[in-house]
Amino acid sequence: MLEAVQAFAAKKPVWGICAGLVLLANELTSTPGGNPANIKVANGTSALAEKLAKKDYSTPVDQPLIGGLDVTLSRNYFGRQSASAWREMRLSDAASDAKLGKAAYFIRAPAVVKHGNSATPLAYVNDVVVAVESQDKRVLGTA
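Read on for a plain summary of the structure. (Residues numbered from 1 in each chain as written. Predicted model: local features only at pLDDT ≥ 70, side-chain atom pairs only at ≥ 80, totals over all residues. Heavy atoms only, no water.)

### Here we look at the overall build of the protein
Thought 1: Of the regular secondary structure elements, the protein holds four helices and twelve strands.
Thought 2: Expressed as a percentage of its 143 residues, the buried residues of the protein come to 37%.
Thought 3: Sequence-distant contacts, at least 24 apart, represent 66% of the contacts inside the protein between residues at least 6 apart. (Helix = DSSP H or I, 4+ residues; strand = E, 2+ residues; numbered from the N terminus. Buried < 20%, exposed > 50% of the residue type's maximum accessible area, 1.4 Å probe, protein only. Contact = heavy atoms within 4.5 Å.)

### Digging into the packing of aromatic side chains
Aromatic rings in a pair are described by how distant their centres are and how their planes are angled relative to each other.
Thought 1: Under the defined criterion, the tally for this structure stands at three aromatic pairs.
Thought 2: Between the aromatic rings of Phe78 and Phe106, the centroid separation amounts to 5.1 Å while the plane-to-plane angle is 45°, which identifies the pairing as tilted. Note that Phe78 is positioned in the loop between strand 5 (69-74) and strand 6 (85-88) and Phe106 in strand 8 (residues 103-106), a separation of 28 residues in sequence. The two residues Phe78 and Phe106 agree in class, both being buried. (Phe/Tyr/Trp six-rings, centres within 6.5 Å; stacked < 30°, edge-to-face > 60°.)

### Section: the pattern of salt bridges
Thought 1: Following the criterion strictly, the structure yields three salt bridges and no others.
Thought 2: Across the salt bridge formed by Asp136 and Arg138, the nearest N and O atoms sit 3.5 Å from each other. (Salt bridge = Lys/Arg side-chain N within 4 Å of Asp/Glu carboxyl O.)

### What about unusual backbone geometry?
Among all residues except glycine, the phi angle is most often negative; among peptide bonds, the trans geometry is most common.
Thought 1: Notably, Cys18 is not glycine yet its phi reads approximately 55°, a positive angle.
Thought 2: Structurally, Cys18 can be placed in the loop between strand 1 (14-17) and helix 2 (19-24).
Thought 3: With a relative accessible area of 27%, Cys18 lands in the partly exposed category.
Thought 4: Phi angles above zero are rare outside glycine, and Lys99 is one such case at about 65°.
Thought 5: Considering the arrangement of structural elements, one finds Lys99 in the loop between helix 4 (93-97) and strand 8.

### Some remarks on the side chain of Thr72
Thought 1: Its place among the elements puts Thr72 in strand 5.
Thought 2: Contact partners of Thr72, with chain neighbours within four places excluded, come to Glu27, Thr29, Ala111, Val112, Val113 and Lys114.

### As for a nonpolar patch on the surface
Thought 1: Together, Trp86, Tyr105 and Ile107 give the surface a local cluster of nonpolar side chains, amounting to about 380 Å² of exposed area.
Thought 2: A residue is classified by how much of its surface remains accessible, and Tyr105, at 57% relative accessible area, is exposed. (Patch = residues over 30% accessible without salt bridge, like charges linked within 9 Å, V, L, I, M, F, W, Y side chains within 5 Å. Areas by Shrake-Rupley, 256 points an atom, 1.4 Å probe, with all protein chains shown as cover.)

### Some points on the environment of Phe106
Thought 1: By relative accessible area, Phe106 is classed as buried at 3%.
Thought 2: In this structure, the C-alpha to C-alpha distance between Phe106 and Ala85, residues 21 residues apart in sequence, is 5.7 Å.
Thought 3: Discounting chain neighbours no more than four positions away, the residues touching Phe106 are Phe78, Ser84, Ala85, Arg87, Met89, Val125, Val130 and Ala143.

Keep in mind these numbers describe shape, not what the thing actually does.
Here's what the structure looks like:
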């Protein structure tokens, strides 16, 4: 079944929202939570927090993916359900010109931690990409 979906996504326009963005990523990391200050251990900062602070997203996750977006994604980047919040976004010129909203709820949402040249960021929360499209504008992903 995965192969059939991959073949469809390779030819047709697709839009992945939240978990759909996860599936459209070419790579996932196992670094949850985007705020290193939120990850503590009894005697200081955890190794994971240190990796996040250094922007070290080098631990890939082995999960079947559809792929199609040249991005590395961190699932649940914004934390647990209790950290869900309405957040302001900074939009790219193209997203602003399209009159897209400048804020959204992020509920255990993923975030793009790395993107290649064939992926164009469309929206950011702080400096983290939360919406991206493929260079050919056929694949769209939003957190």
